[in-house]
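Take a look at the letters that make up each chain.
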Amino acid sequence: MALTAVVRIPTRALLRPWARLRDSALGWMEPVGGVEVSTQRFGSQRVLVEPASAAGVAVMTFKNPPVNSLSLELLTELVINLEKLENDKTFRGVVLTSDCPGIFSAGLDLTEICGRNPAHYAEYWKAVQEMWLRLYLSNLMLVAAINGACPAGGCLMSLTCDYRVMADNPKYAIGLNETLLGIVAPFWFKDTLVNTIGHRASERALQLGLLFPPTEALQVGMVDRLVPEDQVQSTALSVLAQWMAIPDHARQLTKNMMRKPTADGLLKKRDEDIQNFVSFISRDSIQKSLQMYLAKLRQKKG
Ligand SMILES: CC/C=C\CC/C=C/CC(=O)SCCNC(=O)CCNC(=O)[C@H](O)C(C)(C)COP(=O)(O)OP(=O)(O)OC[C@H]1O[C@@H](n2cnc3c(N)ncnc32)[C@H](O)[C@@H]1OP(=O)(O)O
């Protein structure tokens with residue numbers, strides 16, 4: 001496979017995302033008795049962040065209708081808000097969930113990787129890498145409250161969390177279905193899955209692009225718990241309450257020990273991975289496959 005395209009990788013956007021988006025954090029910190037504590041809802045247009053009633057816990061809700069596709073804007077806002085939470089030492093745990101009924105996230109925004117130019121693909125892929133690295137290596141305890149469909153990039157996002165609670169609704173499915181779109185999950189998607197469900201199950205799931213209904217997802221270990229739909233968030237919060245009992249320092253060092261070697265795999269060749277992605281996604285045959293897939297999604301309604 002010849003991977004020869006050379007593209008300029010824009011660095012302005014994600015290295016300093018603060019400079020790119022207007023900060024809409026209202027009442028981020030309130031001085032109380034000389035100590036700064038977070039008390040109010042904050043976040044941005046597509047990522048709401050709300051302190052939970054339990055101390056030290058926040059709920060991060062994705063709100064990018066209709067399907068929470070991971071657009072460049074959503075990815076940027078996610079990273080900004082995560083960084084705020086990481087920097088605010090009052091928070092130790094975060095529940096990630098969705099505001100779109102029946103959908104956790106439809107994964108990467110196909111309109112970002114279809115019909116655009118190489119510079120855009122490079123900028124977008126850098127944002128996807130950044131989202132994965134920040135979530136995967138986060139010092140915070142992350143619990144995914146999967147309240148709907150969770151394909152591809154949505155599944156990847158949930159796999160970066162420390163624990164996954166999924167709605168027990170057979171209409172929903174979770175998995176890395178990239179091959180069904182004619183594309184290939186990159187090595188770091190694969191590594192994240194292997195670290196979660198093991199090599200053999202990953203090999204089968206990735207080749208076949210399997211989307212697991214909740215019961216099968218639980219059996220294979222892709223999610224940790226199934227609960228009725230209206231209990232997904234409350235269960236995620238109670239899981240976090242249990243994890244909060246562990247001393248942070250020891251837990252964080254342990255998490256880092258488990259995950260750093262996988263993250264290093266990407267950190268060592270981020271630029272090469274971007275070049276590979278841009279070459280691959282720019283091919284006519286891949287663009288045709290993506291266009292056909294998008295057209296099929298759009299036709300579903302008609
Ligand atoms: C070298 C490495 C190379 C490549 C690696 C690239 C990695 C990619 C990973 C990915 O994440 S690719 C994205 C994969 N995602 C999917 O396959 C999910 C596709 N969507 C669905 O299956 C369904 O939309 C749903 C189950 C999430 C929701 O179903 P439903 O509630 O019936 O909604 P609709 O299907 O009617 O969709 C509403 C609306 O949203 C558009 N849309 C859906 N998914 C995406 C998406 N991922 N990106 C952009 N837009 C999406 C859909 O076309 C509809 O648009 P309308 O204009 O018709 O309203």
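Since we're looking at a predicted model, the values are computed, not measured. (Residues numbered from 1 in each chain as written. Predicted model: local features only at pLDDT ≥ 70, side-chain atom pairs only at ≥ 80, totals over all residues. Heavy atoms only, no water.)

Participant: For this particular structure, what's the right way to read the nonpolar core?
Facilitator: One broad trend across soluble globular proteins is that nonpolar side chains are buried collectively. Counting 87 residues, the largest nonpolar core has Met-60, Phe-62, Leu-85, Ile-174, Met-222 and Leu-290 as the members making the most contacts within it. Take this core: its biggest share by element is 11 residues, from helix α4 (residues 118–136). When near neighbours in sequence (up to four residues on either side) are disregarded, Met-60 contacts Val-47, Leu-48, Val-49, Leu-78, Asn-81, Leu-82, Leu-85, Val-94, Val-95, Leu-96 and Thr-97. (Core = buried A, V, L, I, M, F, W, Y, C linked by side-chain atoms within 4.5 Å. Buried < 20%, exposed > 50% of the residue type's maximum accessible area, 1.4 Å probe, protein only. Helix = DSSP H or I, 4+ residues; strand = E, 2+ residues; numbered from the N terminus. Contact = heavy atoms within 4.5 Å.)

Participant: Just to check I follow, could you spell out the pattern of salt bridges for this structure?
Facilitator: Any two side chains of opposite charge can pair, on the condition that their charged atoms come close. Evaluation of the coordinates by the stated rule reveals 11 salt bridges. For the salt bridge of Asp-248 with Arg-92, the shortest nitrogen-to-oxygen distance reads 2.8 Å. A residue pair is termed long-range when its members are at least 10 positions apart, and Asp-248 in helix α10 (residues 248–267) and Arg-92 in the loop between α3 (72–87) and β6 (93–98) qualify at 156 residues. For Arg-92, a relative accessible area of 24% translates into the label partly exposed. The closest approach of N and O atoms between Lys-260 and Asp-264, which form a salt bridge, is 2.8 Å. (Salt bridge = Lys/Arg side-chain N within 4 Å of Asp/Glu carboxyl O.)

Participant: Even after reading the chapter, I still don't get the sheet that holds strand β4 (residues 47–51), so can you show me in this structure?
Facilitator: In a beta sheet, neighbouring strands pair by backbone hydrogen bonds and run either parallel or antiparallel. The 7 strands lie next to each other as β3-β4-β5-β6-β8-β10-β12, forming an open sheet whose pairing is mixed. Each edge of the open sheet is held by one strand with a lone partner, namely β3 (42–43) and β12 (225–227). Note that strand β10 (residues 163–167) and β12 share 3 bridges and pair parallel. Bridge assignment links Val-165 to a residue of β12, and that residue is Arg-225. Contacting β5 (57–62), β6, β8 (141–146), β10 and β12, helix α9 (residues 232–243) crosses the sheet at an angle of about 160° to β8. (Pairing = 2+ DSSP bridges. Axes fitted to C-alpha atoms, helices over the stretch in contact; angles between N-to-C directions.)

Participant: Could you clarify how one ought to interpret the environment of Pro-170 in this entry?
Facilitator: Counting through the fold element by element, Pro-170 comes out in the loop between β10 and β11 (174–175). Accessibility expressed as a relative area gives 70% for Pro-170, which makes it exposed. Separated by 21 residues in sequence, Pro-170 and Ala-149 have C-alpha atoms that sit 10.0 Å apart.

Participant: Just to check I follow, could you spell out unusual backbone geometry for this structure?
Facilitator: Excluding glycine, residues mostly have negative phi values, and the peptide bonds linking residues are mostly trans. Of note, the bond from Pro-65 into Pro-66 is cis; its omega dihedral lies within 30 degrees of zero at 10°. Tracing the sequence through the fold places Pro-66 in the loop between β5 and α3. Within the chain, Asn-68 stands out as a residue other than glycine whose phi angle is a positive 55°. Relative to the assigned elements, Asn-68 resides in the loop between β5 and α3. The residue Ala-152 is not glycine, and still its phi comes out positive at about 45°.

Participant: Which parts of the structure should I look at to understand the pairing of β4?
Facilitator: Both faces of the sheet carry side chains from a regular strand, because those side chains alternate between them. With 2 bridges joining them, β3 and β4 adopt antiparallel strand pairing. Paired with Phe-42 across the two strands is Val-49, which belongs to β4. Here β3 folds back onto β4 in antiparallel fashion, the turn holding 3 residues. The pairing of β4 with β5 spans 5 bridges and is antiparallel. Across the sheet, the residue bridging to Val-49 is Met-60, located in β5. Counting the residues in the hairpin turn of β4 and β5 gives 5 residues, including Gly-56, whose phi is positive at 85°.

Participant: Just checking my understanding: could you explain the sheet that holds β11 for this structure?
Facilitator: Strand order across the open sheet formed by 3 strands is β7-β9-β11, with parallel pairing between neighbours. The outermost strands of the open sheet, each flanked by one partner alone, are β7 (102–103) and β11. For strand β9 (residues 148–151) and β11, the ladder comprises 2 bridges, and the chain directions are parallel. Considered in β11, the bridge of Pro-151 is made with Gly-175. Lying over the sheet, helix α5 (residues 152–159) contacts β9 and β11, oriented at roughly 95° with respect to β9.

Participant: Explain the packing of helix α6 (residues 187–197) against α10 to me, please; I cannot follow it from the model alone.
Facilitator: What describes two packed helices is the angle between their axes and the distance between those same axes. At a minimum axis separation of 10 Å, α6 and α10 run at an interaxial angle of 175°. Between α6 and α10, the crossing angle belongs to the class labelled roughly antiparallel. Contacts between α6 and α10 pair Phe-187, Trp-188, Asp-191 and Asn-195 from the former with Thr-262, Gly-265 and Leu-266 from the latter. By residue class, the composition of the contact of α6 with α10 is 3 nonpolar, 3 polar and 1 charged. (Parallel < 35°, antiparallel > 145°, perpendicular 65-115°, else oblique. Nonpolar A, V, L, I, M, F, W, Y, C, P; charged D, E, K, R; others polar.)

Participant: Before we go on, may I ask you to explain the packing of aromatic side chains in this structure?
Facilitator: The relation between two aromatic rings is expressed through the spacing of the ring centres and the mutual angle of the planes. Using the criterion set out here, one finds 7 aromatic pairs in the structure. Ring centres 6.2 Å apart and planes at 10° place the aromatic pair Trp-125 and Phe-189 in the stacked group. On the criterion of sequence distance, the pair formed by Trp-125 in helix α4 and Phe-189 in helix α6 is long-range, its members being 64 residues apart. Of the two residues, Trp-125 and Phe-189, both sit in the buried class. Centroid distance Trp-132 to Trp-188: 5.3 Å. Interplanar angle 50°. Geometry classified as tilted. Of this pair, Trp-132 sits in helix α4 while Trp-188 sits in helix α6; the two residues are 56 residues apart in sequence, bridging distant segments of the chain. On the basis of relative accessibility, which here comes to 0%, the residue Trp-132 falls in the buried class. Linked through ring pairs, Trp-125, Trp-132, Tyr-136, Trp-188, Phe-189 and Phe-277 together constitute an aromatic cluster. One cation-aromatic arrangement involves Lys-269 over Phe-187; the distance from NZ or CZ to the ring centre is 5.1 Å. (Phe/Tyr/Trp six-rings, centres within 6.5 Å; stacked < 30°, edge-to-face > 60°. Lys NZ or Arg CZ within 6 Å of the ring centre and 35° of its normal.)

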